[in-house]
Structure formats: C-alpha cells, structure tokens
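# What the coordinates show
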2 protein chains.
Amino acid sequence: MALQQVDYTISGKTVSYYFDAGFAYLENIVSKEKTILVTDEHLYAAQASKFEGWRTIIIKAGEEYKQQAAVDDIIRQLIELEADRNTFIVGVGGGVVTDITGYTASVYMRGLKFGFVPTTVLAMVDAAIGGKNGVDVGVYKNLVGVIKQPSFLLFDYSLLQSLPQAQWINGFAEVIKHACIRDANLFALLEQHCLDDFQQDTALMAQLIEKNVHIKTSLVAADELEQNERRLLNFGHTLGHAIENIYQLPHGHAVSIGMMAACAFSEAITGFAAADTLRIEQLIEKYQLPTSIQFDRDKVWSLLKLDKKRMSSDMNFILLKSIGEGIVHKMPLTQLQHLITERVAATMAKA
Amino acid sequence: MALQQVDYTISGKTVSYYFDAGFAYLENIVSKEKTILVTDEHLYAAQASKFEGWRTIIIKAGEEYKQQAAVDDIIRQLIELEADRNTFIVGVGGGVVTDITGYTASVYMRGLKFGFVPTTVLAMVDAAIGGKNGVDVGVYKNLVGVIKQPSFLLFDYSLLQSLPQAQWINGFAEVIKHACIRDANLFALLEQHCLDDFQQDTALMAQLIEKNVHIKTSLVAADELEQNERRLLNFGHTLGHAIENIYQLPHGHAVSIGMMAACAFSEAITGFAAADTLRIEQLIEKYQLPTSIQFDRDKVWSLLKLDKKRMSSDMNFILLKSIGEGIVHKMPLTQLQHLITERVAATMAKA
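Below: a short report on this structure. Computed from a predicted model, the values in this text were never measured in an experiment.

## Quick word on the overall build of chain A
The helix and strand inventory of chain A stands at 14 helices and eleven strands. Its C-alpha atoms give chain A a radius of gyration of 20 Å, within 12% of the compact-globule value 20 Å for 351 residues. In terms of principal-axis extent, the alpha carbons of chain A reach across some 60 × 40 × 35 Å. Within chain A, buried positions represent 55% of all 351 residues. Within chain A, contacts between residues at least 6 apart in sequence are counted, and of these 69% link residues at least 24 apart. Just so you have it, chain A exposes about 13700 Å², and 48% of that area is on carbon and sulfur atoms.

Below you can see the structure in the form of structure tokens.
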C-alpha cells in the first residue's frame, strides 16, 4: 500500500481521493459506529470478509435495479438502523451502487455525508467521479438525481482482481475516451500496452487510474453544472446511448461504436485526419472493444431525436480536432441526420 | 393589484417575491409553453378558471399523500408531458403542494427551475419560504428532501378568500411564533387586532404577510443550513411535533401548545416574565388556538427522545428571553424530561 491522498476542490467543496489504499484504510476515514455501507449482493458475496464489523445495506446487482425502488429500500433500512444526521454513508461497488448510494445519501434527511469505494474500472475512472448521482426511471437513464460531490473516494486496486474480463474491457472504453478528448500522451501509453499489461502490472494500472481520475476531475471541477468543458466527456456517448438502449449493449461497447461515428463526423467537420481515425479504430480493437454494429438507422435516429429533445434544446456534439483535443460543436439536428446517413450508414448501418 | 417585487439573496441565489400580485401575473414571470403547474385536486376544483391554458399536474390533497408515491406520479406525468431541462415547474397550493413540487423539481433531470404560488396563510408566511422541500416516509415527517431555493414566490391574497376558517387559524400559529421569537411590534399589532380584522381588510393582511415573509426570509438567508439562527423557527415545534403525531392535531394547534410549554421552560431558565407568558397565552386564545392539551407524558416523552435522537445529537431547545427575542438553548435530555414533568405536567398533562 502506498497511500497518497489528493484533495480536489469542486464547487467550493473538498473531495479527498485516497489512491492505492487498502479497503481496511476506510476505518481511518470514517468511524465504524457512525457509518453505514451500501453494496450489492454480488460484491458482498465475493468480498464478505471486508464487510465484517461494518453495518451494511445490500442491494440487488445490475442496472435494471437502478430505480426508485432501490432508493426506497435503502431508506427503509436507514430508518431501521436509526441513521441520523451524523451518519456517514459509503457506497462500495460499481457505478450502479455509487449512483444509487450518492443519490439516497443526498436526500435522506436532506443530505448526509457520503463517500465511495469504486470497485470496477468504469467506476474508478468515471462513474464515481463528478457528483452526478441518481436513478433511472423505467427506460429513461439517470432521469432523476442530483449533482452533489462525495466527501471522499478510496481506490483499492486489489478489488479489481476479481473483476470479470468483460467489465475490464468495458471500463477501458472510458479510458480511451479520456485519451481522445484530452491527453495524447495517455493515448500513446495505451498504444504501447495492451489490456493484459494493465491486468498484470498493478503499478502500471495504478498510474493509469490516477491519470484518468485527474482528467475527469479537472473537467468536472472547471464546469460542475455541465455548461462548457464537462460536455467533452460525452464524446462517443450521443450515438452511443441510442445504440446502447436499442441493442442492449454493454456501455463500453456502445461508447466505442459512438466514438468511431464521432471520428467520422470529425473528419467531415473539423478536418480530423483519417489516419487518426484509423489509430483510434486500432486502439479500440486492441482493447477488445467493437468499432461498428449493424444498426437500424431509423430506430437510432428516432431515439436520438427524442433523447436530444428531452435532454437539451441545443444539439451539442463532441468532435475531435486531433487525438487529445476534443471540442464541443453545436450542430443542427438536420446536419446530424445527414452525417448519420452519409458517414455512419456507409460503414455500419448495413442492416 | 399593487405589485411589488422584492429580490432576496439566499446562498448566492436570487429569490424574487411578487407581493400582492394577481395569479394572472404568473404569465409575466414564466412562459406558458415552457411551464407546468402542480396543484391539488381541491384547489383545482375550486379555482379551475385560473388554470385555464396552463398544463397542470393534479395531485391528491392532504398531508397523508405527501409521500414518495406522489413524487413518482408527478415524474411519470412530467415524462408524458415531455418536460425537459428548460421546463419551469410551479407549485400552486398549500405547504404539502409546495413541498412535493419543490422536491420533485429539484431531482427531475437533476434539477429544473421552480417557483411557488402559496395559497394558504401557513404556506405564505412559512412553508413556501426557505427552500426546505421534501416528503414524509410513512410516519416520519420530511425525512427525505433537499434544501433548494425556488426562483420566485407569487403572493395572490385573493386566493385566501376561499380558505376554510380552520386553515386561517392554523396559519396564525406561525405568525404568532414569528412575533414571539423576533418582532415585538408584530406581537403588539396582533394584540391590537383579531383574526376577523385580517380577514376583512386585505391591505392589513398584505402588510402582515409581508412582515412575516421578511422575518422568515431573514432568518433563512442568514443560516440556510440551519446551524444557528434558523433554529429559532423551531420555537414551539419540538414538543409540538410530538403532540401533533400522537394526537393527530392540526399543525397550528400543536405549535401553539408547544409554544406555551416553551414559555414555561423559559420562565425557569431565562427568567422570562410570567406576565409575558400570560400575554402569549391570551394572544393564542384570541386567535382561537388551543393553549393546552391533556397528554400522556410517557408517550410524548418517548417520541420526543426518539425524534431528537434521530434528528440531531444536540438537544437545542428554543426559549424566549422576552417577547420578540428567541434564543437557542442547548439542553441535556434529562433537563428537558425534568421540565416536562415539573412545568408542563402540572398544567397540561392531567390525563
């Protein structure tokens, strides 16, 4: 263990990041008496010994349970455990657990303090960072929630040892995204290595996580309410979300396909080099992620329109100028429709 | 109509108060196309013409429906109405409507802008002000919620014309509370008049509402998170809440009885004059509110202990030094128990 605490300031609030800390270090951050952990049934079964001595609320595992019913269930248990204003809540798990936990803690008694122990690559580099917490409402992702920063994040890389291969791969889509929009050196590092390297070499993985945490944190801290730079994090996500919903793809798969589409649009609009699109395609493939899918253009288009209408009146699409430099591009819906027809349809929408 | 807009700053946010404005003035604050009103079935039935041309979500009337189910129901309708981030939500009603509406607006899409049109005395002088919005969880009052300020409040005093007499009386308990903790002149004004005066004289009532809005707003603006001065607003509420829950009393009745108990405690601790307790008792009676109840000491005591344990580790009890000057007094639970036995039991707990 080589604990390194870094304090970030986001909207006037200090968020402490404990890198490379063992789970047991949690006792040094919060008192066992005043703390309640929230985790999911799978993680609790796999890591039972870690939860010994901690009061723990166990929720069902899986995105399909990221609904208000889970919040209601946690609140019922918080009442039973006599949680009060001095109770500290810690979410231990992937993005579903941290999202639900952060949201519930933010509304119980109008807000208890909370922290996270992310246990997946995706949660460590992305989901647990930035304070966006909430639940889905039926098919509508993250429709209900708040933006509130956790007090701390504790990174225990040993938790990744039991992570299924599919979830490792899934998490690397967001790592590649960070490299594309913000960090050409990170992109080069990813090109030099492969997934197996990061799985074998804990120090290398630790370095990767910290770099990604820093990228996401800097974007969020500069723009907590997502008016400007934070939007870059949506690279690959606009088309990605539509495909994810329709074809029930893993999030990382959908984002990878979305990034390839955004590269094609970038070539048309910013003059992004075709050679760089190829580099990104090769990197995505190297990390065992898909670069295309045969999709129903009309279905994707209707969902995309609906999503955009619902989520914002401006159609802000994230493009690349070069590898490591993303930009926010305001685009009329008609232009997007044209691009999907011309640029994506030709390569992907063969169905 | 003599519109007078006052802008208050609470935690860096501007909250506009439109005093003495007609309901129709709402069109000048928000656009009909982008706004959705929330009201309850009774108010909608009584004031149907006012809602013409506005998209309106109607919820069930009554504190018993101030639960998550009402929030879920509003969210379902917001989705159907395709509410997006630019939608403005306006709660039109008493405290139950404004609490539920403010909370739902604060979590839908991580927060839409919202405003209130309070329609009861209680909501105008108290419930709609201060940004505490939320719902009950079973028997636990306001257990879930957020603190978030509305963008505006619109005061249309003509809405009070159809308010039942019992609700007029109920609202005046909070008016008397404001006078006791903060404003000797207001106390004198209330002594000079009676309820009927305020019901007959709209200008007098308008003046009263504005004075009370100012008192509550100044306490909230100075201490939004209730660390210090905002606590004064709990005068009469500690014992009041316990009695309200056990005996299912109207809120104003419970607060009035609670204020009398707090006067008795004040005599013992701060040297508050017995003659002033008598003045408060006479004022409460003048406004047709109760000053005592025969209660089961043990029941009240157990609920009070539980409530305090749950809500805060410090037992902060609000006392008076003089009429118009409330103070926060930190009290061990044992002292409170003693006071209830000695001071309240003698006069009220005859059961």
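## Quick notes on the relation of the copies chain A and chain B
Of the transformation superimposing chain A on chain B, the axial component is 0.0 Å and the angular component is 180°, with the fit at an RMSD of 0.0 Å. Considering both components of the superposition, the chain copies are consistent with a two-fold axis. Residue by residue, 100% of the interface of chain A is reproduced at the interface of chain B, so both copies engage with the same surface.

## What about the side chain of glutamine 68 of chain B?
Relative to the helices and strands, glutamine 68 of chain B resides in helix α3 (residues 68-80). Filtering out sequence-adjacent residues up to four positions away, glutamine 68 of chain B remains in contact with Gln68 and Asp72 of chain A together with Tyr103, Val135 and Asp136 of chain B.

## Structural notes on empty space enclosed by the protein
All names here are of chain B. Per the stated rule, a full pass over the model turns up two cavities of 30 Å³ or more. Taken as a whole, the largest cavity spans an internal volume of roughly 40 Å³. Taken together, Asn234, Phe235, Gly236, His237, Thr238, Leu239, Gly240, Gly258, Ala262, Phe317 and Ile318 form the lining of the largest cavity. Among the elements of the structure, α10 (237-247), α11 (251-269) and β10 (316-322) are those that each provide at least two residues to the lining of the largest cavity. Ranked by residues supplied to the lining of the largest cavity, first place goes to α10 with four residues. Each residue belonging to the lining of the largest cavity can be placed in one class, and the counts come to five nonpolar, six polar and no charged. Its volume calculated, the second largest cavity comes out at about 40 Å³. Considering only residue class, the lining of the second largest cavity consists of five nonpolar, five polar and no charged.

## Focus: the sheet that holds strand β6 (residues 113-118) of chain B
Residues and elements named next belong to chain B. Strand order in the open sheet formed by seven strands is β1-β2-β9-β6-β5-β3-β4, with mixed pairing between adjacent strands. Strand pairing shows two members of the sheet lacking a second neighbour, β1 (4-10) and β4 (55-59), which therefore form its edges. Shown here is a sheet whose adjacent strand axes are inclined to one another by a mean of 20°, direction ignored. Here two bridges tie β6 to strand β9 (residues 152-154), and the two strands are oriented parallel to one another. In the strand pairing of β9, glycine 115 is matched with phenylalanine 152. Strands in contact with α3 are β3 (35-40), β4 and β5 (88-93); relative to β4, the strand with the most contacts, it is inclined by about 160°. Contacting β1 and β2 (13-19), helix α9 (residues 202-222) crosses the sheet at an angle of about 20° to β1.

## Things to note about the packing of aromatic side chains
Across all of its chains, the model carries 26 aromatic pairs over all chains by this definition. Geometrically, the ring pair formed by phenylalanine 265 of chain A and phenylalanine 317 of chain A is tilted, given 5.3 Å between the ring centres and 50° between the ring planes. Of the two residues, phenylalanine 265 of chain A sits in helix α11 (residues 251-269) while phenylalanine 317 of chain A sits in strand β10 (residues 316-322), which places them 52 residues apart along the sequence. Using a relative accessible area of 0% as the deciding quantity, one classes phenylalanine 265 of chain A as buried. For phenylalanine 317 of chain A, a relative accessible area of 3% translates into the label buried. Between the aromatic rings of tyrosine 8 of chain B and tyrosine 17 of chain B, the centroid separation amounts to 4.4 Å while the plane-to-plane angle is 45°, which identifies the pairing as tilted. A relative accessible area of 1% means that tyrosine 17 of chain B is categorised as buried. A connected cluster of aromatic rings, assembled from ring pairs, spans Tyr8, Tyr17, Phe19 and Phe155 of chain A. Against the face of phenylalanine 114 of chain A rests lysine 13 of chain A, its NZ or CZ located 6.0 Å from the ring centre.

## So, the pattern of salt bridges
Within the structure shown, the criterion is met by 23 salt bridges over all chains. In this structure, lysine 216 of chain A and aspartate 126 of chain A form a salt bridge, with 2.6 Å as the shortest nitrogen-oxygen distance. Placement of the pair is lysine 216 of chain A in helix α9 (residues 202-222) and aspartate 126 of chain A in helix α5 (residues 121-127), with a sequence separation of 90 residues. Aspartate 126 of chain A carries the same exposure label as lysine 216 of chain A, and that label is buried. A salt bridge links arginine 182 of chain B to glutamate 229 of chain B; the nearest nitrogen and oxygen atoms lie 3.4 Å apart. Pair noted here: arginine 182 of chain B is in helix α6 (residues 165-182) and glutamate 229 of chain B is in the loop between α9 and α10, with a separation of 47 residues, a long-range link.

## Description of helix α7 (residues 184-192) of chain A
Residues and elements named next belong to chain A. Within α7, burial applies to Leu186, Phe187, Leu189 and Leu190. Angularly, the buried residues of α7 cover 160° about the axis, an arc narrow enough to put them on a single face. Of the exposed residues in α7, those oriented more than 90 degrees away from the buried face are Asn185 and Gln192. The inward-facing, buried residues of α7 abut α6 (165-182), α8 (195-200), α9 and α12 (274-286).

## Description of α10 of chain B
Every buried residue of α10 of chain B is listed here: His237, Thr238, Leu239, Gly240, Ala242, Ile243 and Glu244 of chain B. In the segment just after α10 of chain B, glutamine 248 of chain B is the residue with positive phi, at about 50°.

## A few points about unusual backbone geometry
Backbone geometry places arginine 110 of chain A, a non-glycine residue, at a positive phi of 60°. The residue arginine 110 of chain A is located in the loop between α4 (95-107) and β6 (113-118) in this model. Of note, glutamate 226 of chain B is a non-glycine position whose phi angle comes to about 60°, a positive value. Its location among the elements puts glutamate 226 of chain B in the loop between α9 and α10.

## A short note on the interface of chain A and chain B
Contact with chain A, which involves 30 residues of that partner, is made by 30 residues of chain B. Summed over both partners, the interface of chain A with chain B buries about 2800 Å², with 54% contributed by carbon and sulfur atoms. Counting the contacts that link chain A with chain B gives zero salt bridges. Scanning the region where chain A abuts chain B turns up four residue pairs in polar contact (both at pLDDT 80 or more). Elements represented by at least two residues in the side of chain A that touches chain B include exactly α3 (68-80), α4, β7 (132-137), β8 (140-147) and α13 (297-311) of chain A. When residues in the side of chain A that touches chain B are grouped by element, the largest group, seven residues, is from β8 of chain A.

Calculation rules
Residues numbered from 1 in each chain as written. Chains lettered and ligands numbered in written order. Predicted model: local features only at pLDDT ≥ 70, side-chain atom pairs only at ≥ 80, totals over all residues. Heavy atoms only, no water. Helix = DSSP H or I, 4+ residues; strand = E, 2+ residues; numbered from the N terminus. Rg over C-alpha atoms; globule rule 2.2 N^0.38 Å. Buried < 20%, exposed > 50% of the residue type's maximum accessible area, 1.4 Å probe, protein only. Contact = heavy atoms within 4.5 Å. Areas by Shrake-Rupley, 256 points an atom, 1.4 Å probe, with all protein chains shown as cover. Least-squares fit on C-alpha atoms with pLDDT ≥ 70 in both. 1 Å grid on protein atoms, 1.4 Å probe; cavity = no way out; pocket = protein on both sides within 12 Å on 5 of 7 lines; lining within 4 Å. Points joined across faces, edges and corners; volume = space filled by probe spheres on them. Nonpolar A, V, L, I, M, F, W, Y, C, P; charged D, E, K, R; others polar. Pairing = 2+ DSSP bridges. Axes fitted to C-alpha atoms, helices over the stretch in contact; angles between N-to-C directions. Phe/Tyr/Trp six-rings, centres within 6.5 Å; stacked < 30°, edge-to-face > 60°. Lys NZ or Arg CZ within 6 Å of the ring centre and 35° of its normal. Salt bridge = Lys/Arg side-chain N within 4 Å of Asp/Glu carboxyl O. Arc of directions from axis to C-beta. Buried area = accessible area lost by both parts, 1.4 Å probe. Polar contact = N/O pair within 3.5 Å; in protein donor to acceptor, adjacent residues only side chain to side chain.

Any functional reading would require information that these geometric values do not contain.
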